[in-house]
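Observations on the three-dimensional arrangement
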Amino acid sequence: MQHRICFLIISLSMFSLLRHYNNSEGKMLPIYICEDNLEQRHFLENIIHDFLIFHDMDMKLVLSTKNPLEILEYKKNTTELSVYFIDINLENEIDGITLSVKLRQLDPWGFIIFITSHKELMPLTYQNRIAAMDFIVKGNPEIIREKLQNCLNEIWSRYKHNNPQVHKYFVYKGSKM
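Structural notes on the pairing of strand 1 (residues 29-34)
- Within strand 1, six of the six residues are buried, which leaves it mostly tucked inside the rest of the structure.
- Burial along strand 1 is two-sided: L29, I31 and I33 facing one way and P30, Y32 and C34 facing the other are all buried.
- In the sheet, strand 1 pairs with strand 2 (residues 59-65) via six bridges, with the strands oriented parallel. Counterpart to L29 in the pairing with strand 2 is M59.

Structure (structure tokens):
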């Protein structure tokens, strides 16, 4: 029994090191939120945080802001494939559509998900060739949570498929302790 516990501790330590190594290689998918409503922004942050705690996905919320210019400034310094949750109607000098068009120039393969109360603006995403992954209409919190989680699952599935080196960890399934 003592050997099994020791092996488990060593395995967990190696898993932690491998995870750190993988993340330091830029394999972690950064997530950005641009939402001008503080309550909505915190709601999205909490959904993402809670979901990532319980799922083995190398994703991290790196920036959540009401200011689209902050995201653009941050992205100018990185070429990482990223995930973006964007409100369309931002109380700022640029709106979510304009932000997305600019993000496409910086991150052509990034995952853009619109979360907005303006479903009538969906055609603008096509007209501007943004290629959004989803268009989530604000309203029912449980539907938003479900759709957001579905997006994260789909993003991770696509990311793993296109990056086979992700998650090459060993899994130990031993007998009862």
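Regarding the side chain of T78
- Relative to the helices and strands, T78 is located in the loop between helix 3 (68-75) and strand 3 (83-86).
- Residue classification places T78 among the buried positions, given a relative accessible area of 15%.

Some words on the packing of helix 2 (residues 38-54) against helix 6 (residues 141-162)
- Running from amino to carboxyl end, helix 2 crosses helix 6 at an angle of 50 degrees, the nearest separation of the two axes being 10 Å. Judged by the angle between their axes, helix 2 and helix 6 are oblique. Crossing of helix 2 over helix 6 shows right-handed handedness. Residue-level contacts link F43, L44, I47, I48 and F51 of helix 2 to P141, I144, R145, L148, Q149, L152 and N153 of helix 6.

What about unusual backbone geometry?
- With phi around 55 degrees, A131 is a residue other than glycine that occupies positive phi space.
- Considering the arrangement of structural elements, one finds A131 in the loop between helix 5 (122-127) and strand 5 (134-137).

Each value, and the rule that gives it
- Residues numbered from 1 in each chain as written.
- Predicted model: local features only at pLDDT ≥ 70, side-chain atom pairs only at ≥ 80, totals over all residues.
- Heavy atoms only, no water.
- Buried < 20%, exposed > 50% of the residue type's maximum accessible area, 1.4 Å probe, protein only.
- Helix = DSSP H or I, 4+ residues; strand = E, 2+ residues; numbered from the N terminus.
- Pairing = 2+ DSSP bridges.
- Axes fitted to C-alpha atoms, helices over the stretch in contact; angles between N-to-C directions.
- Parallel < 35°, antiparallel > 145°, perpendicular 65-115°, else oblique.
- Left-handed = near helix turned anticlockwise from the far one by under 90°.
- Contact = heavy atoms within 4.5 Å.

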